[in-house]
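# Architecture and fold: a report
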Amino acid sequence: QVQLVESGGGLVQAGGSLRLSCVASGGTFSNYHMGWFRQAPGKEREFVAAIIWSGGITYYADAVKGRFTISRDNSLNTVDLQMNSLKPEDTAVYSCAAVSRISRVVLSDYRGYRYWGQGTQVTVSS
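As a starting point, this report considers the structure included with it. (Residues numbered from 1 in each chain as written. Predicted model: local features only at pLDDT ≥ 70, side-chain atom pairs only at ≥ 80, totals over all residues. Heavy atoms only, no water.)

Here the focus is the state of the cysteines. Within this structure, the stated rule accounts for one disulfide. Note that Cys22 is cross-linked by a disulfide to Cys96, the S-S spacing being 2.0 Å. Here Cys22 and Cys96 share a disulfide; its torsion about the S-S bond, 50°, makes the bridge right-handed. Here the residue Cys22 occupies a position in strand β3 (residues 18-25), and Cys96 occupies one in strand β9 (residues 92-100), the gap between them amounting to 74 residues. Cys96 shares its class with Cys22; the two are buried. (Disulfide = S-S within 2.5 Å. Helix = DSSP H or I, 4+ residues; strand = E, 2+ residues; numbered from the N terminus. Buried < 20%, exposed > 50% of the residue type's maximum accessible area, 1.4 Å probe, protein only.)

Below, the discussion takes up unusual backbone geometry. For Asn77, which is not a glycine, the phi torsion comes out positive at approximately 60°. Mapped onto the elements, Asn77 comes out in the loop between β7 (68-73) and β8 (78-83). By relative accessible area, Asn77 is classed as partly exposed at 24%. One non-glycine residue, Ser85, lies in the positive phi region at around 50°. Checked against the element boundaries, Ser85 lands in the loop between β8 and β9.

The next point concerns the pattern of salt bridges. If you walk through the whole model with that rule in mind, you get six salt bridges. The partner of Lys65 in a salt bridge is Asp62, and the shortest N-O contact between them spans 3.2 Å. Take Lys65 and Asp62: they sit in the same class, and that class is exposed. Several salt bridges share partner residues, and in doing so they unite Arg38, Glu46, Arg67 and Asp90 into one network. (Salt bridge = Lys/Arg side-chain N within 4 Å of Asp/Glu carboxyl O.)

Moving on, we get to the sheet that holds β7. In spatial order, the strands read β1-β3-β8-β7; together these four strands make up an open sheet with antiparallel pairing. One side of each edge strand has no neighbouring strand; the edge strands of this open sheet are β1 (3-7) and β7. Adjacent strand axes in the sheet meet at a mean angle of 15° when their direction is disregarded. As paired elements, β3 and β8 share six bridges and run antiparallel to each other. Bridged to Leu18 within β8 is Met83. (Pairing = 2+ DSSP bridges. Axes fitted to C-alpha atoms, helices over the stretch in contact; angles between N-to-C directions.)

The next subject is the side chain of Thr78. Along the chain, Thr78 turns up in strand β8. On the basis of relative accessibility, which here comes to 16%, the residue Thr78 falls in the buried class. Those residues in contact with Thr78 that lie beyond four places of it in its chain are Ser21, Cys22, Val23, Phe29, Ser71, Arg72 and Asp73. (Contact = heavy atoms within 4.5 Å.)

Written as structure tokens, this is what we have:
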């Protein structure tokens, strides 16, 4: 059983930056691909970014490409999301998620992830 805990959310003005962090426990972190998803009020959960178990390949939603960077440190059991040039439309609850590296899933599809954190609120004011 993997437990995920996010931190780093908050209120920021448009154009600002935030760094989200997710720390994992209860499993071998390098056995999991990791993803970040977000959900705004009244909207469906959407993919933000993902990183494979080794950190060697990353994926981004078009809406955040060039502004957000996902990274991981397998020695610290953490996956981070650096968010720059934030926009009001980035306002949402951001959650990290984990899926086994042996699972054949599409990393941009939230339905494939097994473990989820509780989420952290990001609010971008205009």
